[in-house]
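Chain and residue survey
These are the residues of each chain, in order.
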Amino acid sequence: MLKTSYRLVGNPHHIKLDSQSTYFYRQRLAQLDETTQLVARVTAVIGPLSDFAVLATVYPLMISDAQLRDSIKQLETVGILTRHTSQQQSYEFSHALYYESIYRSIPEQQKQLLHGRMGAYLEKRPLPDTQKWYSQLAYHFQNSQDREKAVTYTRQAGEHAAIRFANDEALTHFTQALALADKQALQLRWKILAAKAHILQTTFELVVMKSNLEEMDNIVNTLADTQMQLRTINYWAFYYAASSQASRSLDVGRRGLTLARQLNDSRWQQRFNLLCGYAFYNLDNYPEAARHFQSAYTLAANDTAHREAYRNRADAFHGLGLIALATKNLPPAERYSKQAVVMWQKCGDLGGEAFSVNNLGHTALQQGRFELAYQHFDQALSLWTQIGNTFGQLGGKENQGIVACAVGDYDLAETLFCRNLAESQKLKLPTFQIAALMGIGRVHLAREELFEAQRALQSAFTIQQNEREGKRDTARILNYLGQTYEQRGMLAEAESAYGRALEIRTQIEHHFTALDSRAGLARIALANGDIETACKQAGKITTWLKTKGMSGAEDPIQLYLTLFKVMQASSDLDRARDFLSQGYELLQHRAKQITKPDWHYSYLNFVPHHWQLLALFNDWDS
């Protein structure tokens, strides 16, 4: 049999035809006999997959190979088809307008018949590219009369797109499948909605996700299926967490955990323990968060028969690493995160791997290993980009901005924070708006652009108060506002901001970050001539440092600089020199780990507290 195929050039479905063009192309086709006209229409339905065998199979009437070749020759002669030279002989429409005009001329009933025959052909002859195969099957059956197969293949096309992280394509297919599915086919509709919810969770399209979940809820309430109910509750917990509603996420997670316990379902208990753990973490309740993560791990460790349990163990390690990092317990934070990365890699979960690699970046950042931190954040960002995770991409860029800020590369930091602000405002994600505004405020603060810093930080504070329940960010914003007021000479406002930050950090037992707030209060006391109060705050800082060390302080160099100034003001020159020397040694140690020349230079010369300490040390030493 002749191995000939027909290929369409261009994208004809988006072509706009005027009446004159339509008339011209249809008139040329009308000059041909009915058999040849039908060959042209079949070719238009088949599109880019139409080799001779396909055309002979899809053609709806009895026709010999000789008749088919004769019709193809006629179509060449009048210029509708043209031969295309490649490894195999093939044909294409001489112009995309021919395709569109001919396709539109096919009567609807005949078009449905031809698309159905093409779909039936593809079912019997799978193509090597399964995604392309399912997409083609979906397309042809959508335009046929077989609605059931249209739903089946459209849904499968969405699932294969999701596997490839083609999220927009997957959403399109799932939306089409829902439109095609029978309104009464509740189980089928719920499965499509669940698949769509998984993509919406990745892309952070929260408005669409909420309406999607509401329809899932309606179906679950009708069918009273507990497994469907558990999965729907799982997605609701994520939705509330992503919407910065940690308390509601916790309530939903607890409801799911109660139901899973009633059903004695270990895997769902694992999952809801994890969700409760993350909710407690976002509410700054680390003991309860750790308890739930440990429970999830214990249940998953005893469940050796299922792959999902292994994934839950990785997630539990990740959560424990988060808590260790938040409490500045860096060795276990690094250990947990590394264990989680290995486990995520074994089960092929790129998203989980990205989050745990991100944890390693924060651990390195706390240790002052800035280049390593940036590498980890870049690796995590690459993984998130690969799977189309919007949340992760925003977080990755934010973290790169934090590193840039720490080493004094303020131009890069500002670029990253401003991009994130625009994107998070567009997506209406308050968590990232707060982080971006906080970062922009820090950049302006370092440049001594104090009015701009105050405006950005106050905007962050307003959003935080209106949208977020966690207190960590509130304390951080207040601390930066305190520094801004301090540099503007607004000592009463600075003292109030530092005092409120200290109160929050003490309440949630963030004693390590409370050091920075105490240092701010010590500086305000010095500026007011109250050396006694300054010494009391410095004494509490030094007591902590004797047992816990400097690990956890957001700005250890500023802390050493503050202690030096307090000791100098109180005429305790030996201790003043000790703190100055310790700060100098830490600064030099961290600087030596920076191999990038521009970062090494900016770290020592552009970060305000760094060059101030260096100048004081050199003056004192001389």
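Anyway, here's the lowdown on the structure attached to this text. (Residues numbered from 1 in each chain as written. Predicted model: local features only at pLDDT ≥ 70, side-chain atom pairs only at ≥ 80, totals over all residues. Heavy atoms only, no water.)

Concerning the overall build of the chain
Note the following rule: By the criteria applied, helices consist of DSSP H or I runs no shorter than four residues and strands consist of E runs no shorter than two, each listed in order from the N terminus. Two things to know: the radius of gyration comes from C-alpha atoms, and the globule rule equals 2.2 Å times the number of residues to the power 0.38. Throughout, exposure labels follow a simple rule: accessible area from a 1.4 Å probe, protein chains only, divided by the maximum for the residue type, with under 20% read as buried, over 50% as exposed, and the rest as partly exposed. Residue contacts are defined here by distance: any two heavy atoms, one from each residue, within 4.5 Å place the two residues in contact. All accessible-area figures derive from a Shrake-Rupley calculation using a 1.4 Å probe, and residue coverage is judged against the displayed protein chains alone. The sign given to each residue is positive for Lys and Arg and negative for Asp and Glu; His and the chain ends receive no count. The atoms used to mark charge sites are NZ of Lys, CZ of Arg, CG of Asp and CD of Glu.
A tally of helices and strands in the chain yields 31 helices and 4 strands. Taking 25 Å as the expected radius of gyration for a compact globule of 622 residues, we find that the chain reaches 32 Å, considerably beyond that expectation. Expressed as lengths along the three principal axes of its C-alpha atoms, the size of the chain is roughly 110 × 55 × 40 Å. When the 622 residues of the chain are sorted by exposure, 54% land in the buried category. At a minimum sequence separation of 6, the contacts of the chain that also span at least 24 residues come to 62%. Here the chain has roughly 28,200 Å² of accessible surface; of this, 49% comes from carbon and sulfur atoms. Distance from the positive charge centre (66 side chains) to the negative charge centre (63 side chains) of the chain: 4 Å.

Structural notes on the nonpolar core
To keep things clear, this is the line we draw: By convention a nonpolar core is built from buried Ala, Val, Leu, Ile, Met, Phe, Trp, Tyr and Cys residues, the set being connected through side-chain atoms within 4.5 Å.
Val 42, Leu 75, Ile 80, Phe 93, Met 209, Leu 213 and Met 216 are the most contacted members of the largest nonpolar core, which totals 85 residues. Per-element tally for this core: the top contributor is helix 12 (residues 226-242), with 10 residues. Those residues in contact with Met 216 that lie beyond four places of it in its chain are Trp 190, Leu 193, Ala 194, Ala 197, Thr 232 and Tyr 235.

Description of helix 16 (residues 307-326)
Heads up, the condition is: For a helix, the expected span equals 1.5 Å multiplied by the residue count minus one.
The end-to-end C-alpha separation of helix 16 is 29 Å, in line with the 28 Å expected for 20 residues at 1.5 Å each. Most of helix 16 sits out of view: 15 of its 20 residues are buried.

Notes on the packing of helix 29 (residues 573-592) against helix 30 (residues 597-605)
Where we set the bar: Axes here refer to lines fitted to C-alpha atoms; in helices the fit is confined to the stretch in contact. Angles between the N-to-C directions go from 0 to 180 degrees. Our angle categories are set so that under 35 degrees counts as roughly parallel, over 145 as roughly antiparallel, 65 to 115 as roughly perpendicular, and the remainder as oblique. In this scheme the handedness of a crossing depends on how the near helix is turned from the far one: anticlockwise by less than a right angle means left-handed, clockwise means right-handed. Amino acid classes used here: Ala, Val, Leu, Ile, Met, Phe, Trp, Tyr, Cys and Pro are nonpolar; Asp, Glu, Lys and Arg are charged; the rest, including Gly, are polar.
Look at helix 29 against helix 30: their axes get within 10 Å of each other, and the N-to-C directions meet at 165 degrees. Regarding the angle of helix 29 to helix 30, the classification is roughly antiparallel. The element helix 29 and its partner helix 30 pack so that their crossing is right-handed. In this structure, helix 29 contributes Leu 587, Arg 590 and Ala 591 to the contact, and helix 30 contributes His 600, Tyr 603 and Leu 604. Along the lines of polarity and charge, the residues of the contact of helix 29 with helix 30 split into 4 nonpolar, 1 polar and 1 charged.

Notes on empty space enclosed by the protein
The condition is simple: Lining residues are those with an atom within 4 Å of a point, where the points come from a 1 Å grid over the protein atoms alone and group into cavities, where a 1.4 Å probe fits but cannot get out, or pockets, open sets with protein on both sides within 12 Å along at least five of seven lines. Grid points are joined across faces, edges and corners, and a volume is the space filled by probe spheres set on the points.
Scanning the model with the defined rule gives 2 cavities of 30 Å³ or more in all. Sort the elements by how many residues they give to the lining of the largest cavity and helix 26 (residues 511-527) lands first, with 4 residues. A breakdown of the residues in the lining of the largest cavity according to their chemical character gives 2 nonpolar, 4 polar and 3 charged.

Let's talk about helix 26
For helix 26, built from 17 residues, the straight-helix expectation of 24 Å at 1.5 Å per residue is met to within 8% by its first-to-last C-alpha distance of 24 Å. Most of helix 26 is tucked away: 14 of the 17 residues are buried. Following helix 26 by one or two positions, Gly 529 has its phi on the positive side, about 75 degrees.

What about the pattern of salt bridges?
Quick reminder of the rule: Salt bridges are defined by distance alone: a side-chain nitrogen of Lys or Arg within 4 Å of a carboxyl oxygen of Asp or Glu.
Enumeration over the complete set of coordinates arrives at 18 salt bridges. Ionic pairing is found between Arg 523 and Glu 486, a salt bridge with its closest N-O pair at 2.9 Å. Separated by 37 residues along the polypeptide, Arg 523 in helix 26 and Glu 486 in helix 24 (residues 472-488) bring together distant segments of the chain. On the basis of relative accessible area, Arg 523 is assigned to the buried category, the value being 12%. The partly exposed category is assigned to Glu 486, whose relative accessible area is 21%. Connected through shared salt-bridge partners, Glu 308, Arg 311 and Asp 349 make up one network.

Structural notes on the packing of aromatic side chains
To be explicit about the condition: Ring geometry is summarised as follows: Phe, Tyr and Trp rings, the Trp one being its six-membered ring, pair when their centres sit within 6.5 Å, and such pairs are stacked at plane angles under 30 degrees, edge-to-face over 60 and tilted between the two.
Counted according to the given criterion, the structure contains 23 aromatic pairs. The interplanar angle of 75 degrees and the centroid separation of 5.8 Å between the aromatic rings of Phe 93 and Tyr 99 together place this pair among those described as edge-to-face. Of the two residues examined, Phe 93 and Tyr 99, each falls in the buried class. Between Phe 317 and Tyr 336 the ring centres are 5.9 Å apart and the planes differ by 35 degrees, which places this aromatic pair in the tilted class. Of the two residues, Phe 317 sits in helix 16 while Tyr 336 sits in helix 17 (residues 330-346), which places them 19 residues apart along the sequence. Accessibility classification places Phe 317 together with Tyr 336 in one group, the buried group.

Remarks on unusual backbone geometry
The backbone of Lys 428 shows a phi angle near 60 degrees, a positive value even though the residue is not glycine. With respect to the helices and strands, the residue Lys 428 is situated in the loop between helix 21 (410-427) and helix 22 (430-446). The backbone of Glu 448 shows a phi angle near 65 degrees, a positive value even though the residue is not glycine. The exposure class of Glu 448 is exposed, given its relative accessible area of 53%.

A closer look at the packing of helix 2 (residues 34-46) against helix 6 (residues 108-124)
Orientation of helix 2 relative to helix 6, taken along the N-to-C sense of each, is 60 degrees, at an axis distance of 10 Å. With respect to their mutual orientation, helix 2 and helix 6 come out oblique. Crossing geometry of helix 2 relative to helix 6 is assigned as right-handed. Contacts from Leu 38, Arg 41, Val 42, Val 45 and Ile 46 of helix 2 reach helix 6 at Gln 110, Leu 114, His 115 and Met 118. When its residues are assigned to classes, the contact of helix 2 with helix 6 shows 6 nonpolar, 2 polar and 1 charged.

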